[in-house]
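# Per-entry structural report
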Amino acid sequence: MSSSERLIIFDTTLRDGEQSPGASMTRDEKVRIAKALERMGVDVIEAGFPVASPGDFESVQAVAKAVKESTVCGLARALDRDIDRAGEALKGANSARIHTFIATSPIHMKAKLRMSPDEVLAQAVAAVKRARRYTDNVEFSPEDAGRSDFNFLCRILEAVIAAGAGTVNIPDTVGYNLPHQFGGLIGRLIEQVPNSDQTVFSVHCHNDLGLAVSNSLSAVLHGARQVECTVNGLGERAGNAALEEVVMAVRTRRDLFSCDVALDTTQIMPCSRLVSGITGFAVQPNKAIVGANAFAHESGIHQDGVLKSRETYEIMRAEDVGWSANRMVLGKHSGRNAFRTRLQELGVEFSSDTEFQSAFDEFKKLADKKHEIYDEDLQALVNDTTLAVDNEHVKLLSLRVCSETGKVPCAEITLEVDGKAQAGSACGSGPVDATYKAIEAIIDSGVTLQLYSVNNITSGTDSQGEVAVRISCDDRTVNGQGADTDIVIASAKAYVNAINKLYTLVERTHPQV
Ligand code: KIV
Ligand code: ZN
């Protein structure tokens, strides 16, 4: 594929995705996701906003060191300090990009920046020039371009391209545009910006009206050659364009697009599961490509058609996006090698022998309870064992729950809190309620439970239950998750996981506020 035909996939799960309330990720989690994206063949990984906090800086640094094949990008406002921090964080990268931005819409310039258009233009040019001191791969975004004045956009883009921006990204920051309008905007910019041939046009669409993917695709049809997107469509408010939808639309409708992606699409499902496991953002069953029902045929007519000839109702093959549902992969007698190999195929790598051993021990325990272990089980299991928060304050040691007809359910729990075992008990309206009250009897965290959900990972009553919780305290929100064949234990794990994340949360600057 020549580079002019290549559609560059720029993933911003680790940056814009993390701006979803409660989706914060630790450094190690970000490295795991970045490695999964690299394995999938994503061209550019936006690893974070280094100036936001020392933790964000370290995360970008760690991703820059870990990733070899993809370009690693750091976000920076059009400010010297931001650009210098991004440049420093990316020092160890094989291939580094700095993405700098400033708002260009009348409302943002007036109400947020309190700057005139000429001042904004001058700052944008200065930012691109400063970023070029660190790398010759610089991207510029006029934030809220979707509501900016067209002539001003042309002016600022011409100036930043002349200053050395090899990519100009047009964001529909508030998800306001309609597909024909947004595609038209990209086409007109490419036509009217005099030096547009010296840059790659990119788009970054938000999903407030549910149009992020449509707008991105319309832009590609009008000449955009980079799409910014996130796994599962994670992102600020209603999210960003979903990577899997953009990629599969371009792949499936090659007849209409004059470009193609260079991704290994079979890594889509493992990556989707990893991101939802880490962030606790469950994927809705009817979500395109990665939802549990995306390839399920319920009605008799459809099933009959699919059995006779798959193409009657299927436009893509489930295997091509990495679905291997209901395929028994491992069992009680599987050894370490089989376990390691299957996980490698799923794109899971262990950072140490200890991490591998603890995952293998958990696998053996699970295999004792459940005969057939599916890919989904393996992925939940490694999420549980390897995604434990660094410096866990609270650990679940044991849980005993009594649930009986006509009696009030009671729970007795032992937790290790900062290295010391502590026991607590409580009764509740159900076993989960009793368990959460027993945990609170020990830690008295003062958090509010905002969301509790349980899903079975595979089918059958011996399936593992995957529990996601969201808790908040003051203005901080985190998600936690846990999996077990016993859903009460899974619930306790999820709550403890969220509590640990809340303890590790640090103050950070939001790039767009
Ligand atoms: O939505 C947006 O405008 C952004 C920019 C920082 C590119 O995320
Ligand atoms: Zn955004």
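Residues numbered from 1 in each chain as written. Chains lettered and ligands numbered in written order. Predicted model: local features only at pLDDT ≥ 70, side-chain atom pairs only at ≥ 80, totals over all residues. Heavy atoms only, no water.

The next point concerns the side chain of Asp375. By the secondary structure assignment, Asp375 is in helix α14 (residues 375–386). Separated by 2.7 Å, the side chains of Asp375 and Arg342 make a polar contact. (Helix = DSSP H or I, 4+ residues; strand = E, 2+ residues; numbered from the N terminus. Polar contact = N/O pair within 3.5 Å; in protein donor to acceptor, adjacent residues only side chain to side chain.)

Here the focus is the site of ligand 1. All residues adjacent to ligand 1 are Arg15, Asp16, His99, Phe101, Ser141, Glu143, Pro171, Thr173, His204, His206 and Gln512. Here Thr173 contributes a side-chain N or O atom positioned 2.6 Å from an oxygen atom of ligand 1. Contact between ligand 1 and His206: an oxygen atom at 3.0 Å from a side-chain N or O atom of the residue. Burial of ligand 1 by the surrounding chains reaches 100%, relative to a free accessible area of 260 Å². A majority-of-atoms criterion places ligand 1 in the largest cavity. (Near = heavy atom within 4 Å. Areas by Shrake-Rupley, 256 points an atom, 1.4 Å probe, with all protein chains shown as cover. 1 Å grid on protein atoms, 1.4 Å probe; cavity = no way out; pocket = protein on both sides within 12 Å on 5 of 7 lines; lining within 4 Å. Sits in = over half its atoms within 2 Å of the grid points.)

According to the domain assignment, the chain contains domain 1 (3–279), domain 2 (294–321), domain 3 (327–385) and domain 4 (394–504). Here the C-alpha centroids of domain 1 and domain 3 sit 35 Å apart. Listed by partner, the interface residues are 8 residues for domain 1 and 9 residues for domain 3. Buried area between domain 1 and domain 3, summed over both chains or domains, comes out near 760 Å², and the portion from carbon and sulfur atoms is 37%. Of all residues in domain 1, Arg32, Arg39 and Arg273 give up the largest surface area on contact with domain 3, accounting jointly for 63% of the area buried on that side. Taken together, the links from domain 1 to domain 3 amount to 1 salt bridge. (Domains from an automatic or database assignment. Contact = heavy atoms within 4.5 Å. Buried area = accessible area lost by both parts, 1.4 Å probe. Salt bridge = Lys/Arg side-chain N within 4 Å of Asp/Glu carboxyl O.)

Let us now look at the coordination of the zinc ion (ligand 2). Metal coordination angles in their ideal form are 109.5 degrees for the four-donor tetrahedron and 90 or 180 degrees for the six-donor octahedron. At 2.0 to 2.2 Å from the zinc ion (ligand 2) lie its protein donor atoms, namely Asp16 (OD), His204 (NE2) and His206 (NE2). Mapping the donors of the zinc ion (ligand 2) onto the primary sequence yields the spacing D-x187-H-x1-H. Residue class for His206 comes out buried when judged on its relative accessible area of 3%. (Donors = N, O, S within 2.8 Å, 3.2 Å for Na, K, Ca; no water. Buried < 20%, exposed > 50% of the residue type's maximum accessible area, 1.4 Å probe, protein only.)

Looking now at empty space enclosed by the protein. Per the stated rule, a full pass over the model turns up 1 cavity of 30 Å³ or more. By volume, the largest cavity is sized at about 120 Å³. The class makeup of the residues in the lining of the largest cavity is 3 nonpolar, 7 polar and 4 charged. (Points joined across faces, edges and corners; volume = space filled by probe spheres on them. Nonpolar A, V, L, I, M, F, W, Y, C, P; charged D, E, K, R; others polar.)

Turning to the pairing of strand β16 (residues 476–484), a few remarks are in order. Counting buried residues in β16 gives 7 out of 9 residues, a clear majority hidden from the surface. With 9 bridges joining them, strand β15 (residues 465–473) and β16 adopt antiparallel strand pairing. Pairing of Gly465 across the sheet is with Asp484, part of β16. In sequence, β15 turns back onto β16 through a hairpin of 2 residues, with Asp474 there showing a positive phi of about 55 degrees. (Pairing = 2+ DSSP bridges.)

This brings us to the packing of aromatic side chains. For the coordinates displayed, the defined rule picks out 8 aromatic pairs. Ring centres 5.9 Å apart and planes at 35 degrees place the aromatic pair Phe360 and Phe363 in the tilted group. Of the two residues, Phe360 and Phe363 both sit in helix α13 (residues 353–369), 3 residues apart, roughly one turn of that helix. Since its relative accessible area comes to 7%, Phe360 is described here as buried. Judged by relative accessible area, Phe363 falls into the buried class, the value being 0%. Taken together through their ring pairs, the aromatic side chains of Phe339, Phe350, Phe356, Phe360 and Phe363 make up a single cluster. One residue, Arg85, lies across the ring of Phe57, its end atom 3.8 Å from the ring centre. Looking at Arg470, its charged tip hangs above the ring of Phe281, at a distance of 5.1 Å from the centre. (Phe/Tyr/Trp six-rings, centres within 6.5 Å; stacked < 30°, edge-to-face > 60°. Lys NZ or Arg CZ within 6 Å of the ring centre and 35° of its normal.)

Further remarks concern the packing of helix α12 (residues 336–345) against α13. Two numbers describe a pair of packed helices, the interaxial angle and the distance between the axes. Between α12 and α13, the least distance of the axes is 11 Å, while the angle of their chain directions is 110 degrees. Relative to α13, the element α12 is oriented roughly perpendicular. Residues Arg336, Phe339 and Arg340 of α12 touch α13, and the partners they reach there are Phe356, Gln357, Ala359, Phe360 and Phe363. Partitioned by chemical class, the residues of the contact of α12 with α13 number 5 nonpolar, 1 polar and 2 charged. (Axes fitted to C-alpha atoms, helices over the stretch in contact; angles between N-to-C directions. Parallel < 35°, antiparallel > 145°, perpendicular 65-115°, else oblique.)

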